[in-house]
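Summary of structural features
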Amino acid sequence: MDWRRVLEEIRVGRVGVEASMLASRYGYRSYMVERYLRILGYNETIKLLESFEKPVKPAIRCNHLRIDCEKLVDRLENLGFKLERISWSIHGYRVVEEPPSPTIGSTHEYLKGYYYVYRDAAPLIPPLLMVEPGEHEEIFDACAAPGGKATHLAQLMDDQGLVIANDIALYRLAALISHVVRMGFRSIVVTWNDLRLLPNRVKKRFTKILVDAPCSAEGTIMIDKSRKTKTTQEDLARIVAREIELLDAGIKLLDEGGIVVYVTCSIAPEENEYVVSKVIEMNDNVVVIKPRKRLFDWDHGLDAYNGMEFHWSVRNCIRIWPHKHGMIGMTICVIEKTKK
Ligand SMILES: C[S@@+](CC[C@H](N)C(=O)[O-])C[C@H]1O[C@@H](n2cnc3c(N)ncnc32)[C@H](O)[C@@H]1O
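Residues numbered from 1 in each chain as written. Predicted model: local features only at pLDDT ≥ 70, side-chain atom pairs only at ≥ 80, totals over all residues. Heavy atoms only, no water.

**A look at the site of the ligand**
Near the ligand lie 21 residues; those nearest to it are Asp167, Arg172, Asp194, Leu195 and Asp212. Here an oxygen atom of the ligand and a backbone polar atom of Gly147 are 3.1 Å apart. A total of 610 Å² of accessible area belongs to the ligand in isolation, and the protein chains cover 88% of it. Listed by contribution, the elements that provide at least two residues to the shell around the ligand are helix 8 (148–156) and strand 6 (162–167). Along the lines of polarity and charge, the residues of the shell around the ligand split into 11 nonpolar, four polar and six charged. (Near = heavy atom within 4 Å. Polar contact = N/O pair within 3.5 Å; in protein donor to acceptor, adjacent residues only side chain to side chain. Areas by Shrake-Rupley, 256 points an atom, 1.4 Å probe, with all protein chains shown as cover. Helix = DSSP H or I, 4+ residues; strand = E, 2+ residues; numbered from the N terminus. Nonpolar A, V, L, I, M, F, W, Y, C, P; charged D, E, K, R; others polar.)

Following this line, the structure appears as C-alpha coordinates:
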(Lines give C-alpha, C1' and ligand atoms only; values in the text may rest on other atoms or scores of the structure.)
Protein backbone atom coordinates (compact mmCIF):
# COMPACT_ATOMS: atom_id res chain seq x y z
CA MET A 1 0.00 0.00 0.00
CA ASP A 2 1.52 3.34 -1.05
CA TRP A 3 1.70 5.63 2.00
CA ARG A 4 1.53 8.76 -0.17
CA ARG A 5 -1.91 7.73 -1.42
CA VAL A 6 -2.93 7.08 2.18
CA LEU A 7 -1.65 10.54 3.13
CA GLU A 8 -3.82 12.18 0.45
CA GLU A 9 -6.88 10.52 1.95
CA ILE A 10 -6.20 11.03 5.64
CA ARG A 11 -4.45 14.41 5.78
CA VAL A 12 -6.03 16.94 8.11
CA GLY A 13 -5.98 20.09 5.98
CA ARG A 14 -7.01 23.28 7.72
CA VAL A 15 -6.28 23.57 11.41
CA GLY A 16 -8.56 26.05 13.20
CA VAL A 17 -7.54 28.69 15.74
CA GLU A 18 -9.06 26.71 18.62
CA ALA A 19 -6.98 23.64 17.73
CA SER A 20 -3.79 25.69 17.38
CA MET A 21 -4.33 27.32 20.78
CA LEU A 22 -5.08 24.01 22.55
CA ALA A 23 -2.17 22.32 20.79
CA SER A 24 0.23 24.94 22.05
CA ARG A 25 -1.29 24.92 25.57
CA TYR A 26 -1.01 21.12 25.95
CA GLY A 27 2.09 20.64 23.75
CA TYR A 28 0.61 18.62 20.84
CA ARG A 29 0.91 18.60 17.06
CA SER A 30 -2.01 20.71 15.94
CA TYR A 31 -3.44 18.14 13.48
CA MET A 32 -4.04 15.80 16.43
CA VAL A 33 -6.04 18.37 18.40
CA GLU A 34 -7.94 19.41 15.27
CA ARG A 35 -8.89 15.74 14.91
CA TYR A 36 -10.06 15.48 18.56
CA LEU A 37 -12.17 18.63 18.13
CA ARG A 38 -13.81 17.25 14.98
CA ILE A 39 -14.64 13.94 16.68
CA LEU A 40 -15.46 15.03 20.22
CA GLY A 41 -16.25 18.77 20.19
CA TYR A 42 -14.59 21.34 22.48
CA ASN A 43 -15.67 20.27 25.97
CA GLU A 44 -14.90 16.59 25.51
CA THR A 45 -11.58 17.40 23.83
CA ILE A 46 -10.54 19.29 26.97
CA LYS A 47 -11.53 16.25 29.06
CA LEU A 48 -9.45 13.98 26.80
CA LEU A 49 -6.41 16.29 26.91
CA GLU A 50 -6.69 16.54 30.71
CA SER A 51 -6.95 12.75 31.05
CA PHE A 52 -3.71 12.39 29.06
CA GLU A 53 -2.02 14.51 31.78
CA LYS A 54 -2.96 12.03 34.54
CA PRO A 55 -0.96 8.85 35.18
CA VAL A 56 -2.63 5.45 34.81
CA LYS A 57 -2.18 2.64 37.32
CA PRO A 58 -0.36 -0.53 36.30
CA ALA A 59 -2.26 -3.82 36.29
CA ILE A 60 -1.27 -7.43 36.84
CA ARG A 61 -2.71 -10.69 35.58
CA CYS A 62 -2.49 -13.42 38.19
CA ASN A 63 -1.28 -16.71 36.69
CA HIS A 64 -3.91 -18.96 38.29
CA LEU A 65 -2.12 -22.02 36.85
CA ARG A 66 0.84 -21.34 39.17
CA ILE A 67 -0.69 -19.81 42.31
CA ASP A 68 -4.04 -19.33 43.99
CA CYS A 69 -4.87 -15.69 43.17
CA GLU A 70 -6.06 -14.85 46.72
CA LYS A 71 -2.71 -16.08 48.05
CA LEU A 72 -0.87 -13.93 45.49
CA VAL A 73 -2.85 -10.84 46.56
CA ASP A 74 -2.00 -11.55 50.24
CA ARG A 75 1.68 -11.99 49.43
CA LEU A 76 1.87 -8.76 47.41
CA GLU A 77 -0.11 -6.83 50.05
CA ASN A 78 2.36 -8.06 52.69
CA LEU A 79 5.10 -6.46 50.56
CA GLY A 80 3.23 -3.12 50.67
CA PHE A 81 1.26 -3.23 47.39
CA LYS A 82 -2.45 -2.45 47.35
CA LEU A 83 -4.43 -4.31 44.68
CA GLU A 84 -7.99 -3.88 43.41
CA ARG A 85 -9.85 -6.55 41.45
CA ILE A 86 -10.76 -5.50 37.92
CA SER A 87 -14.46 -6.39 37.83
CA TRP A 88 -14.57 -7.38 34.12
CA SER A 89 -11.38 -9.49 34.08
CA ILE A 90 -11.18 -12.85 35.82
CA HIS A 91 -7.48 -12.70 36.70
CA GLY A 92 -6.80 -8.95 36.51
CA TYR A 93 -5.95 -6.54 39.38
CA ARG A 94 -5.08 -2.84 39.36
CA VAL A 95 -2.00 -1.92 41.38
CA VAL A 96 -3.36 1.12 43.23
CA GLU A 97 -0.45 1.61 45.67
CA GLU A 98 3.19 0.54 45.46
CA PRO A 99 5.89 0.53 48.15
CA PRO A 100 9.20 2.35 47.47
CA SER A 101 10.67 -1.09 46.77
CA PRO A 102 10.46 -3.68 45.32
CA THR A 103 8.83 -2.57 42.07
CA ILE A 104 5.90 -4.64 40.84
CA GLY A 105 8.17 -6.10 38.14
CA SER A 106 10.95 -7.23 40.49
CA THR A 107 9.33 -9.24 43.30
CA HIS A 108 10.15 -12.92 43.90
CA GLU A 109 6.53 -13.63 43.02
CA TYR A 110 7.01 -11.97 39.61
CA LEU A 111 10.23 -13.90 38.93
CA LYS A 112 8.46 -17.14 39.84
CA GLY A 113 5.91 -16.46 37.09
CA TYR A 114 2.94 -15.86 39.37
CA TYR A 115 1.80 -12.81 37.37
CA TYR A 116 2.28 -10.64 34.26
CA VAL A 117 2.63 -6.85 34.57
CA TYR A 118 0.88 -4.33 32.27
CA ARG A 119 1.31 -0.57 32.26
CA ASP A 120 -2.50 -0.32 32.19
CA ALA A 121 -5.53 -2.62 32.29
CA ALA A 122 -6.77 -2.12 28.69
CA PRO A 123 -4.53 -4.86 27.13
CA LEU A 124 -6.48 -7.39 29.20
CA ILE A 125 -9.55 -6.80 27.00
CA PRO A 126 -8.74 -8.41 23.58
CA PRO A 127 -7.96 -11.98 24.76
CA LEU A 128 -11.19 -12.00 26.80
CA LEU A 129 -13.09 -11.41 23.53
CA MET A 130 -11.36 -14.32 21.80
CA VAL A 131 -11.80 -17.28 24.15
CA GLU A 132 -13.97 -18.23 27.08
CA PRO A 133 -12.02 -19.53 30.09
CA GLY A 134 -11.57 -23.28 29.70
CA GLU A 135 -12.08 -23.40 25.90
CA HIS A 136 -9.26 -25.20 24.10
CA GLU A 137 -8.55 -23.68 20.70
CA GLU A 138 -5.78 -22.94 18.22
CA ILE A 139 -5.00 -19.21 17.98
CA PHE A 140 -2.48 -17.42 15.77
CA ASP A 141 -1.09 -14.33 17.51
CA ALA A 142 0.50 -12.66 14.49
CA CYS A 143 2.31 -9.72 16.18
CA ALA A 144 2.85 -11.27 19.58
CA ALA A 145 5.94 -9.84 21.30
CA PRO A 146 6.51 -9.24 24.17
CA GLY A 147 3.69 -11.69 24.86
CA GLY A 148 1.12 -10.05 27.14
CA LYS A 149 -1.79 -11.24 25.03
CA ALA A 150 -0.23 -14.56 23.92
CA THR A 151 0.35 -15.65 27.53
CA HIS A 152 -3.13 -14.40 28.49
CA LEU A 153 -4.71 -16.48 25.70
CA ALA A 154 -2.73 -19.57 26.78
CA GLN A 155 -3.78 -19.02 30.39
CA LEU A 156 -7.48 -18.60 29.52
CA MET A 157 -7.25 -21.99 27.79
CA ASP A 158 -5.65 -23.52 30.94
CA ASP A 159 -2.47 -24.11 28.90
CA GLN A 160 -4.36 -26.85 27.03
CA GLY A 161 -4.99 -25.03 23.73
CA LEU A 162 -2.37 -23.90 21.21
CA VAL A 163 -1.08 -20.35 20.75
CA ILE A 164 1.24 -19.76 17.81
CA ALA A 165 3.05 -16.59 18.86
CA ASN A 166 4.72 -14.87 15.91
CA ASP A 167 6.70 -11.66 15.58
CA ILE A 168 9.12 -10.06 13.13
CA ALA A 169 11.53 -8.69 15.78
CA LEU A 170 13.92 -11.27 17.18
CA TYR A 171 14.92 -9.14 20.20
CA ARG A 172 11.24 -8.73 21.09
CA LEU A 173 10.71 -12.49 20.69
CA ALA A 174 13.49 -12.97 23.26
CA ALA A 175 11.35 -11.02 25.76
CA LEU A 176 8.31 -13.12 24.82
CA ILE A 177 10.22 -16.37 25.32
CA SER A 178 11.43 -15.22 28.73
CA HIS A 179 7.80 -14.56 29.80
CA VAL A 180 6.70 -17.96 28.46
CA VAL A 181 9.46 -19.73 30.40
CA ARG A 182 9.05 -17.59 33.55
CA MET A 183 5.29 -18.24 33.65
CA GLY A 184 5.64 -21.91 32.74
CA PHE A 185 3.44 -22.12 29.63
CA ARG A 186 3.75 -25.26 27.51
CA SER A 187 1.07 -24.48 24.92
CA ILE A 188 2.83 -21.57 23.18
CA VAL A 189 4.83 -22.16 20.00
CA VAL A 190 7.05 -19.26 18.95
CA THR A 191 7.63 -18.35 15.30
CA TRP A 192 9.72 -15.61 13.66
CA ASN A 193 8.14 -14.27 10.47
CA ASP A 194 7.03 -11.16 8.66
CA LEU A 195 3.24 -11.52 8.83
CA ARG A 196 2.89 -9.83 5.43
CA LEU A 197 4.70 -12.70 3.70
CA LEU A 198 2.85 -15.58 5.37
CA PRO A 199 -0.31 -15.87 3.21
CA ASN A 200 1.84 -16.78 0.19
CA ARG A 201 4.34 -18.88 2.16
CA VAL A 202 2.11 -21.18 4.21
CA LYS A 203 -0.95 -23.20 3.21
CA LYS A 204 -2.35 -23.36 6.74
CA ARG A 205 -5.38 -21.21 7.57
CA PHE A 206 -6.68 -20.32 11.06
CA THR A 207 -10.05 -19.78 12.69
CA LYS A 208 -8.80 -17.24 15.27
CA ILE A 209 -6.09 -14.66 14.63
CA LEU A 210 -4.95 -11.70 16.72
CA VAL A 211 -3.36 -8.78 14.85
CA ASP A 212 -2.10 -6.44 17.58
CA ALA A 213 -0.55 -4.00 15.16
CA PRO A 214 2.52 -1.82 15.61
CA CYS A 215 0.82 1.60 15.77
CA SER A 216 1.40 5.26 16.66
CA ALA A 217 0.51 4.43 20.31
CA GLU A 218 -1.44 7.70 20.40
CA GLY A 219 -3.61 6.23 23.16
CA THR A 220 -0.66 5.95 25.55
CA ILE A 221 0.26 9.64 25.85
CA MET A 222 -0.24 9.54 29.65
CA ILE A 223 2.59 6.97 29.80
CA ASP A 224 4.84 8.49 27.12
CA LYS A 225 4.46 12.25 26.64
CA SER A 226 6.75 12.20 23.56
CA ARG A 227 3.73 10.77 21.68
CA LYS A 228 2.20 14.27 21.72
CA THR A 229 4.61 15.37 18.99
CA LYS A 230 6.38 12.25 17.72
CA THR A 231 4.11 11.37 14.78
CA THR A 232 3.90 13.74 11.80
CA GLN A 233 1.06 13.29 9.34
CA GLU A 234 3.57 11.66 6.96
CA ASP A 235 4.67 9.24 9.70
CA LEU A 236 1.03 8.46 10.42
CA ALA A 237 0.39 7.67 6.74
CA ARG A 238 3.36 5.25 6.75
CA ILE A 239 2.06 3.57 9.93
CA VAL A 240 -1.45 3.32 8.44
CA ALA A 241 -0.11 1.82 5.18
CA ARG A 242 1.73 -0.86 7.21
CA GLU A 243 -1.37 -1.54 9.34
CA ILE A 244 -3.41 -2.10 6.15
CA GLU A 245 -0.81 -4.60 4.90
CA LEU A 246 -0.69 -6.44 8.23
CA LEU A 247 -4.46 -6.67 8.68
CA ASP A 248 -4.91 -7.72 5.04
CA ALA A 249 -2.37 -10.52 5.59
CA GLY A 250 -4.24 -11.56 8.75
CA ILE A 251 -7.53 -11.73 6.80
CA LYS A 252 -5.87 -13.78 4.03
CA LEU A 253 -4.70 -16.33 6.65
CA LEU A 254 -8.25 -16.80 7.90
CA ASP A 255 -10.56 -19.76 7.24
CA GLU A 256 -14.15 -19.05 6.26
CA GLY A 257 -16.16 -18.48 9.43
CA GLY A 258 -13.03 -17.44 11.32
CA ILE A 259 -12.26 -14.14 13.07
CA VAL A 260 -9.37 -11.69 13.17
CA VAL A 261 -9.24 -9.45 16.22
CA TYR A 262 -7.51 -6.22 15.16
CA VAL A 263 -6.12 -4.10 18.01
CA THR A 264 -4.26 -0.79 18.24
CA CYS A 265 -3.41 1.30 21.28
CA SER A 266 -4.46 4.31 19.25
CA ILE A 267 -7.60 6.44 19.19
CA ALA A 268 -6.85 7.74 15.67
CA PRO A 269 -9.68 6.81 13.23
CA GLU A 270 -7.02 6.70 10.49
CA GLU A 271 -5.41 3.68 12.20
CA ASN A 272 -8.66 1.96 13.02
CA GLU A 273 -11.95 2.59 11.17
CA TYR A 274 -10.04 3.72 8.04
CA VAL A 275 -7.67 0.71 8.05
CA VAL A 276 -10.50 -1.76 8.65
CA SER A 277 -12.72 -0.17 5.96
CA LYS A 278 -9.85 -0.36 3.43
CA VAL A 279 -9.19 -4.03 4.22
CA ILE A 280 -12.91 -4.83 3.96
CA GLU A 281 -12.85 -3.21 0.47
CA MET A 282 -9.84 -5.34 -0.49
CA ASN A 283 -11.42 -8.68 0.56
CA ASP A 284 -14.70 -10.45 -0.15
CA ASN A 285 -17.05 -11.62 2.61
CA VAL A 286 -15.40 -9.72 5.44
CA VAL A 287 -17.29 -7.69 8.02
CA VAL A 288 -16.83 -6.31 11.55
CA ILE A 289 -19.08 -8.12 13.99
CA LYS A 290 -20.21 -7.29 17.52
CA PRO A 291 -17.92 -8.91 20.10
CA ARG A 292 -19.54 -11.92 21.72
CA LYS A 293 -19.67 -10.16 25.08
CA ARG A 294 -19.74 -6.66 26.48
CA LEU A 295 -17.34 -6.40 29.41
CA PHE A 296 -18.28 -2.81 30.33
CA ASP A 297 -19.82 0.29 28.80
CA TRP A 298 -17.31 0.92 26.01
CA ASP A 299 -17.91 3.16 22.96
CA HIS A 300 -18.56 2.01 19.40
CA GLY A 301 -16.59 2.81 16.23
CA LEU A 302 -17.01 6.01 14.18
CA ASP A 303 -19.16 6.06 11.01
CA ALA A 304 -17.31 8.93 9.35
CA TYR A 305 -14.49 11.39 9.93
CA ASN A 306 -12.68 14.14 7.97
CA GLY A 307 -14.77 13.59 4.82
CA MET A 308 -14.25 9.81 4.91
CA GLU A 309 -17.30 7.51 5.16
CA PHE A 310 -16.34 4.22 6.78
CA HIS A 311 -17.80 0.76 6.11
CA TRP A 312 -21.15 0.43 7.92
CA SER A 313 -19.87 -2.46 10.05
CA VAL A 314 -16.97 -0.57 11.72
CA ARG A 315 -19.56 0.82 14.09
CA ASN A 316 -19.19 -2.60 15.76
CA CYS A 317 -15.56 -1.76 16.71
CA ILE A 318 -14.84 -1.04 20.37
CA ARG A 319 -13.35 2.31 21.38
CA ILE A 320 -11.73 2.78 24.79
CA TRP A 321 -11.33 6.49 25.55
CA PRO A 322 -9.02 7.63 28.40
CA HIS A 323 -11.43 10.37 29.58
CA LYS A 324 -14.43 8.01 29.65
CA HIS A 325 -13.00 4.66 30.66
CA GLY A 326 -9.98 5.65 32.79
CA MET A 327 -7.55 3.57 30.71
CA ILE A 328 -5.15 4.10 27.83
CA GLY A 329 -6.85 4.71 24.48
CA MET A 330 -7.40 1.51 22.53
CA THR A 331 -9.50 0.35 19.55
CA ILE A 332 -10.51 -3.27 18.99
CA CYS A 333 -12.37 -4.65 15.95
CA VAL A 334 -13.58 -8.25 15.65
CA ILE A 335 -13.60 -9.04 11.92
CA GLU A 336 -15.30 -12.15 10.57
CA LYS A 337 -14.74 -13.87 7.22
CA THR A 338 -18.28 -15.04 6.50
CA LYS A 339 -19.03 -18.35 4.78
CA LYS A 340 -19.76 -18.00 1.03
C1 LIG B 1 1.81 -3.67 19.72
S2 LIG B 1 3.16 -4.74 19.61
C3 LIG B 1 2.46 -6.29 20.07
C4 LIG B 1 2.23 -6.44 21.56
C5 LIG B 1 1.87 -7.87 21.94
N6 LIG B 1 0.73 -8.37 21.20
C7 LIG B 1 1.57 -8.02 23.43
O8 LIG B 1 0.40 -8.10 23.81
O9 LIG B 1 2.53 -8.07 24.20
C10 LIG B 1 3.35 -4.94 17.86
C11 LIG B 1 4.34 -6.01 17.46
O12 LIG B 1 4.25 -6.17 16.03
C13 LIG B 1 5.51 -6.61 15.59
N14 LIG B 1 5.57 -6.46 14.12
C15 LIG B 1 5.82 -5.34 13.41
N16 LIG B 1 5.81 -5.61 12.09
C17 LIG B 1 5.53 -6.94 11.97
C18 LIG B 1 5.41 -7.83 10.85
N19 LIG B 1 5.55 -7.38 9.60
N20 LIG B 1 5.16 -9.13 11.09
C21 LIG B 1 5.02 -9.60 12.36
N22 LIG B 1 5.14 -8.80 13.45
C23 LIG B 1 5.39 -7.49 13.27
C24 LIG B 1 6.47 -5.72 16.37
O25 LIG B 1 7.77 -6.28 16.40
C26 LIG B 1 5.80 -5.67 17.75
O27 LIG B 1 6.34 -6.63 18.60
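From this point, things continue past the structure.
**Let's talk about the pairing of strand 6**
Of all six residues in strand 6, five are buried; the element is thus mostly enclosed. Strand direction decides the pairing type here: strand 5 (residues 138–141) and strand 6, joined by four bridges, are parallel. Residue pairing in the sheet places Phe140 in a bridge with Ile164 of strand 6. The handedness of the strand 5 to strand 6 crossover, carried by helix 8, is right-handed. Pairing analysis gives five bridges linking strand 6 to strand 7 (residues 188–192), with the strands arranged parallel. Bridge assignment links Ala165 to a residue of strand 7, and that residue is Val190. Once you follow strand 6 into helix 9 (residues 170–183) and on to strand 7, the crossover reads as right-handed. (Buried < 20%, exposed > 50% of the residue type's maximum accessible area, 1.4 Å probe, protein only. Pairing = 2+ DSSP bridges. Right-handed = clockwise from strand over helix to strand, strands pointing away.)

**Brief notes about the environment of Thr220**
Topologically, Thr220 is positioned in the loop between strand 8 (206–212) and helix 11 (233–252). By relative accessible area, Thr220 is classed as buried at 4%. Placed 200 residues apart in sequence, Thr220 and Ser20 show a C-alpha to C-alpha distance of 22 Å. Other than its neighbours up to four places away in sequence, Thr220 contacts Arg227, Cys265 and Ile328. (Contact = heavy atoms within 4.5 Å.)

**Here's the deal with unusual backbone geometry**
A cis amide bond links Ser101 with the next residue in sequence, Pro102, at an omega value of 0°. Summarising the element assignment, Pro102 is placed in the loop between strand 3 (92–97) and helix 6 (108–111). Cis geometry is found at the peptide bond from Ala145 to Pro146, where omega equals 10°. Tracing the backbone shows Pro146 in the loop between strand 5 and helix 8. Backbone geometry places Asn306, a non-glycine residue, at a positive phi of 55°.

**As for the environment of Asp299**
In this fold, Asp299 is placed in strand 11 (residues 299–300). Spatially, the C-alpha atoms of Asp299 and Leu40 are 12 Å apart, while their sequence positions differ by 259 residues. Within the structure, Asp299 has its side chain in polar contact with the side chain of Lys324 (distance 2.5 Å).

**Focus on the nonpolar core**
Taken as a class, soluble globular proteins show a tendency for nonpolar side chains to be buried jointly. Counting 104 residues, the largest nonpolar core has Tyr28, Trp88 and Ile125 as the members making the most contacts within it. Among the elements that take part in this core, helix 11 stands out by supplying nine residues, more than any other. Beyond its immediate sequence surroundings of up to four residues, Trp88 is in contact with Ala121, Leu124, Ile125, Leu128, Leu295, Phe296 and Met327. Grouped together as the second largest cluster of nonpolar side chains are 15 residues, Ile60, Cys62, Ile67 and Phe81 included. (Core = buried A, V, L, I, M, F, W, Y, C linked by side-chain atoms within 4.5 Å.)

**Some words on the packing of helix 3 (residues 30–40) against helix 4 (residues 42–51)**
Running from N to C, helix 3 and helix 4 point in directions that differ by 130°, and their axes come no closer than 7 Å. As far as their axial angle goes, helix 4 and helix 3 are oblique. Between helix 3 and helix 4 the crossing geometry is right-handed. Mapping the contact onto sequence places Val33, Tyr36, Leu37 and Leu40 in helix 3 and Tyr42, Glu44, Thr45, Leu48 and Leu49 in helix 4. (Axes fitted to C-alpha atoms, helices over the stretch in contact; angles between N-to-C directions. Parallel < 35°, antiparallel > 145°, perpendicular 65-115°, else oblique. Left-handed = near helix turned anticlockwise from the far one by under 90°.)

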